[in-house]
Amino acid sequence: MHPGESVSSVSSVSSENDAEASASYEVFRDPWGIPHLRASDELRLAHAQGRVTAFDRAWQLEVERHRAQGSSASFLGPDSVGWDRFARQCRLADTARLCYEALEAGDPGTAAWVRAYVDGVNDGLAEGAARDERFARTGLAPAPWEPWVPLAIWIATHILFAGFATKLWRERVARALGDEAVTLFATDGPGTAGSNGWLVPGDRTATGSAIIAGDPHRFIEDPGVYQQIRLSCPDYDVLGLAVPGVPGLAHFGHTGTAAWAITNAMADYQDLYVEQLRRGAGSAVEALGPDGAWEPVARHTETITVAGGDDVEVEILETARGPVIIHADGDTGADAHAGAHTDGSAQTLSLRYPPRVRRDLGFAALPALLRARTVADIDRALDGWAEPVNVVHAADTSGGLLHRVAGAVPLRHRTNRLRPVPAWEPGHAWQGWAPTPAEPVQGFAVMANARGIASPLGVEFAPPHRANRIRELLSGSAEWSPKAMADVHRDTHLASAAPLLALLPGFEGLTPAAQALRERLLAWDRHMAADSTDATVFSAFRTATVRRFAADPVFAELWGAPTGPDVFHPWLYLVPRIGYALEGLLTTSLVPGLDRAAHVRAALEETAAAGAPDAPWSEVHRLAPWQALPDQEAVDWPGLGGDHDCVNATSSVPGFTERTARASAARYVWDLARREDSLWAVPLGADGVTGSPHHRDQLPLWADCELVPVVTDWTRLTKESI
């Protein structure tokens, strides 16, 4: 279906049993508009979840479907062509189809459950679209979903999650500074999505039962990327955070007797292969394989329809390694025969990623998690998990505790993890799958993307600051309660400021203004509190330092603007890379020509001469969420405390902007003593429709790191007609 077509066809694809299905479930809402669904069986409940999600978030669902299919430019315009080209070249939708076909063949029960959710989406899309003016504004009409669409949305959501684009940056660094510098900019930092999570056993809580809490850090989107929801049928009654467009509660849930939560394991499980291609007669393309023989390459073309622009033809190539996502000439692949240049200045790259190799996303775990009663049930369910790779915390009411990694990580040569590897050289093939580590919970368990349980599976991790700070805060009490967890969520201590501030005492001969600024920075409590003017001053000083580092001639070969597909450009700019890696660059011996002290001193003088800003941190550190279609009227997004290495991880881009696009996409506290004492919050609200009462009603609370109560008593909920 194309923009402008009638929405009536959506209802026509719903099953003939839709009326019966809707009569077999009930929809309730709590005071925050959060849906609580009760159905007569599991399939009708999945249908209800799909229908209610479509009613609440039709625009979001259709945007995500089109992004997964590489067709978002058809209503969003030319700015979306880059993503659509990437989605098609890496074959997101085709991978989802293959995974769904494998699910149907091997696990028809789970396939039927996914299909019931899709039937519900189709049953609710037309009504949901009628609520949202963005459909009319863009001329978009919702189209019937195929059963594989939830899998496509899941893949599209996570395809860049493991940060394979970082390998493009490392390759660029190695060419500019030498192979020994390939990990020079290793942030052990927030270059990819991360999260906080902590598990407090019963011997450290006021009730004697465990508490699980935390927050996933992602780009903040409007509507939000997580949906608070409750799913109840005779087999289970589970509440948690769903991904709109995907059935069940994959990441965060509480069944009443057991609960689980995840963070990004920072594992490396996607590879880039440098391909040498040659073209033969007609449209035939071949790639040089690891045995020295030329292999056939699958090829076809697709057309991206562009609203307000010309159609774009895309050549789709797939080698034995995987889909070609970058062509040597930098265009859509019309002349990609150049292969890999010896100087590395241009490369044709294919992407190998587990779902396409395995034909499996691990979706069988989703209904199994809903049925879990114990930690052992959760553990078994996650044995089959695939994408993405996560660190998991779980607990149950009998005292069971779990701390493990779940997901599919290939075994292969170490170089594969660092940078693109030659497809024609033997030794870079995948050799099976790595075991997923687990360890006993001793004291409390903390997961914050740092090195630890998942270390054998990754290359770059977050600095230890968030994890260490959470442990420090948790050590302060043995009487933790759910409400007290908000104090952990809102903590703004910035330990990563220490290496930069440590250089200040050694400077002599400073101007009076710089001396005064130094004294102020050294006296600062190192909290990026919302009302702190010292935090604003520090950020200005850090920005000046980052920019001076970036201008140093030692990095001259990295100054240029990125080339190639624009979807990868965020990974390839020098200033953000230095901003995130600043702590390591202040101490590394890999760039002896970099005069760190001189740059920091000059940045101090520069900041002092400009006049120390007196604005509170929250005045400049404001939320800037992504919207597929920006609001027609300006929105006064709130100012925030925190920073990228704080527990309250509101991540700006040091040296580039103080606005924050990445932060807590949700916060949760799961109480195993009394589920009704659990708490949660999302950045905006339960409803995805702009202007509706529950679209942004949680935003002020979220900005202050407050949480709203979970309601479990059905008599305190409002039933709505369906």
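I will try to describe carefully the structure that is included in this document. It should be emphasised that the depicted structure is a prediction, and the values quoted were computed from it without experimental measurement. (Residues numbered from 1 in each chain as written. Predicted model: local features only at pLDDT ≥ 70, side-chain atom pairs only at ≥ 80, totals over all residues. Heavy atoms only, no water.)

## A few points about the overall build of the protein
A count of helices and strands for the protein gives 23 helices and 26 strands. Across its three principal axes, the protein shows a C-alpha extent of roughly 80 × 75 × 50 Å. When the 722 residues of the protein are sorted by exposure, 61% land in the buried category. Accessible surface for the protein amounts to roughly 25,300 Å². Of this, 50% is attributable to carbon and sulfur atoms. Put simply, the protein has 62 plus and 91 minus side-chain charges, and the middle of one group is 2 Å from the middle of the other. (Helix = DSSP H or I, 4+ residues; strand = E, 2+ residues; numbered from the N terminus. Buried < 20%, exposed > 50% of the residue type's maximum accessible area, 1.4 Å probe, protein only. Areas by Shrake-Rupley, 256 points an atom, 1.4 Å probe, with all protein chains shown as cover. Lys, Arg positive; Asp, Glu negative; His and termini not counted. Charge placed at Lys NZ, Arg CZ, Asp CG, Glu CD.)

## A look at the pattern of salt bridges
Going through the model one piece at a time under the given rule, you end up with 49 salt bridges. Across the pair Arg 371 and Glu 42 runs a salt bridge, and its minimum N-O distance is 3.1 Å. Linking Arg 371 in the loop between α12 (365-370) and α13 (375-382) with Glu 42 in helix α3 (residues 42-69), this pair joins segments that are 329 residues apart in sequence. Between Glu 127 and Arg 51 there is a salt bridge, with the nearest N and O atoms lying 3.0 Å from each other. You can see Glu 127 sitting in helix α7 (residues 108-130) and its partner Arg 51 sitting in helix α3, a full 76 residues away along the chain. A cluster of three or more residues bridged by salt bridges with shared partners is formed by Arg 91, Asp 94, Glu 318 and Arg 356. (Salt bridge = Lys/Arg side-chain N within 4 Å of Asp/Glu carboxyl O.)

## Considering the sheet that holds strand β10 (residues 277-279)
In space, the three strands of this open sheet follow the order β10-β11-β12, with antiparallel pairing throughout. A single partner strand is all that each edge strand has here, and the edge strands are β10 and β12 (294-296). Across the sheet, the axes of successive neighbouring strands diverge by a mean angle of 35 degrees, strand direction being ignored. Bridging between β10 and strand β11 (residues 285-288) involves three bridges; their strand directions are antiparallel. The partner of Arg 278 across the bridge, within β11, is Glu 286. (Pairing = 2+ DSSP bridges. Axes fitted to C-alpha atoms, helices over the stretch in contact; angles between N-to-C directions.)

## A closer look at the sheet that holds strand β6 (residues 236-242)
Sheet strands pair by backbone hydrogen bonding; their relative direction is either parallel or antiparallel. Strand order in the open sheet formed by nine strands is β18-β17-β8-β7-β6-β5-β2-β1-β26, with mixed pairing between adjacent strands. Edge strands, defined here as strands with exactly one partner in the open sheet, are β18 (401-406) and β26 (718-720). This sheet shows a mean twist of 20 degrees between the axes of neighbouring strands, independent of strand direction. Here strand β7 (residues 252-254) runs beside strand β8 (residues 258-264); their pairing, made up of two bridges, is antiparallel. The partner of Gly 253 across the bridge, within β8, is Trp 260. Across the sheet, α3 is in contact with β1 (25-29), β2 (35-39), β5 (227-233) and β6; its angle to β2 comes to roughly 150 degrees. Where α13 meets the sheet, its contacts fall on β8, β17 (390-396) and β18, and the angle it forms with β18 comes to roughly 5 degrees. (Contact = heavy atoms within 4.5 Å.)

## Topic: unusual backbone geometry
Here the residue pair Asp 222 and Pro 223 is connected by a cis peptide bond, since its omega of 5 degrees sits within 30 degrees of zero. Of the consecutive residues Glu 387 and Pro 388, the connecting peptide bond is found in the cis state with omega at -5 degrees. Inspection of the secondary structure assignment puts Pro 388 in the loop between α13 and β17. Residues other than glycine seldom take positive phi values, yet Cys 705 does so here, at roughly 60 degrees. Mapped onto the fold, Cys 705 is located in the loop between α23 (699-703) and β25 (708-709). Residue Cys 705 is classed as buried on the basis of its relative accessible area of 2%.

## Brief notes about the packing of helix α6 (residues 92-106) against helix α9 (residues 149-158)
Closest axis-to-axis distance for the α6/α9 pair is 8 Å, and the angle between their directions is 130 degrees. On the basis of their axis angle, the class for α6 and α9 is oblique. For the element pair α6 and α9, the recorded crossing hand is right-handed. Residues Leu 92, Ala 93, Thr 95, Ala 96, Cys 99 and Tyr 100 of α6 touch α9, and the partners they reach there are Leu 151, Ala 152, Ile 155 and Ala 156. (Parallel < 35°, antiparallel > 145°, perpendicular 65-115°, else oblique. Left-handed = near helix turned anticlockwise from the far one by under 90°.)

## Quick look at the pairing of β2
The buried count for β2 comes to four of five residues, which makes it a mostly enclosed element. Inspection of the sheet shows β1 paired to β2 by five bridges, in the antiparallel sense. Across the sheet, residue Phe 28 finds its bridge partner in β2, namely His 36. The turn linking β1 back onto β2 is made up of five residues, and Gly 33 within it adopts a positive phi angle of 80 degrees. Here β2 runs beside β5; their pairing, made up of three bridges, is parallel. The partner of Leu 37 across the bridge, within β5, is Leu 231.

## Section: the side chain of Arg 622
Following the sequence through the fold, Arg 622 ends up in the loop between α22 (617-620) and β21 (651-653). Within polar-contact distance, the side chain of Arg 622 engages the backbone oxygen of Ser 618 at 3.5 Å. (Polar contact = N/O pair within 3.5 Å; in protein donor to acceptor, adjacent residues only side chain to side chain.)

## Brief notes about the side chain of His 569
With respect to the helices and strands, His 569 occurs in the loop between α19 (533-550) and α20 (574-585). Judged by relative accessible area, which is 15%, His 569 ranks as buried. Here Gly 564 takes part through its backbone oxygen, which lies 3.1 Å from a polar atom of the side chain of His 569. Every residue in contact with His 569, bar those within four places of it in the chain, is listed here: Pro 562, Thr 563 and Gly 564.

## Concerning the packing of α3 against α7
Running from amino to carboxyl end, α3 crosses α7 at an angle of 40 degrees, the nearest separation of the two axes being 6 Å. The pairing of α3 with α7 is recorded here as oblique in orientation. Here α3 and α7 pass one another in a crossing that is right-handed. Of the residues that constitute the contact of α3 with α7, the class distribution is 13 nonpolar, seven polar and six charged. (Nonpolar A, V, L, I, M, F, W, Y, C, P; charged D, E, K, R; others polar.)

## Considerations on the environment of Val 708
Considering the arrangement of structural elements, one finds Val 708 in strand β25. Along the primary structure Val 708 and Trp 680 are separated by 28 residues, whereas in three dimensions their C-alpha atoms are 5.5 Å apart. Those residues in contact with Val 708 that lie beyond four places of it in its chain are Trp 32, Gln 228, Ser 678, Leu 679, Trp 680, Ala 681, Gln 698 and Leu 701.

## Regarding the nonpolar core
Phe 86, Phe 185, Phe 538, Phe 555 and Phe 568 are the most contacted members of the largest nonpolar core, which has 184 residues in total. At 10 residues, α3 tops the list of elements feeding residues into this core. With residues near it in sequence (within four places) discarded, Phe 555 still touches Leu 177, Leu 184, Phe 185, Phe 549, Ala 550, Leu 574, Ile 578, Val 591 and Leu 594. Ala 213, Phe 444, Ala 448 and Ile 470 belong to the second-largest nonpolar core, a separate cluster that totals 19 residues. (Core = buried A, V, L, I, M, F, W, Y, C linked by side-chain atoms within 4.5 Å.)

## With respect to the packing of aromatic side chains
One pass over the full model with this rule turns up 17 aromatic pairs. Seen in terms of ring centroids, Trp 524 and Phe 538 are 4.9 Å apart; in terms of plane orientation they differ by 25 degrees. Their pairing is stacked. On the criterion of sequence distance, the pair formed by Trp 524 in the loop between α18 (512-523) and α19 and Phe 538 in helix α19 is long-range, its members being 14 residues apart. The exposure classification of Trp 524 matches that of Phe 538, with both residues buried. A network of ring pairs unites the aromatic residues Tyr 226, Phe 252, Tyr 668, Trp 670 and Trp 680 as a single cluster. (Phe/Tyr/Trp six-rings, centres within 6.5 Å; stacked < 30°, edge-to-face > 60°.)

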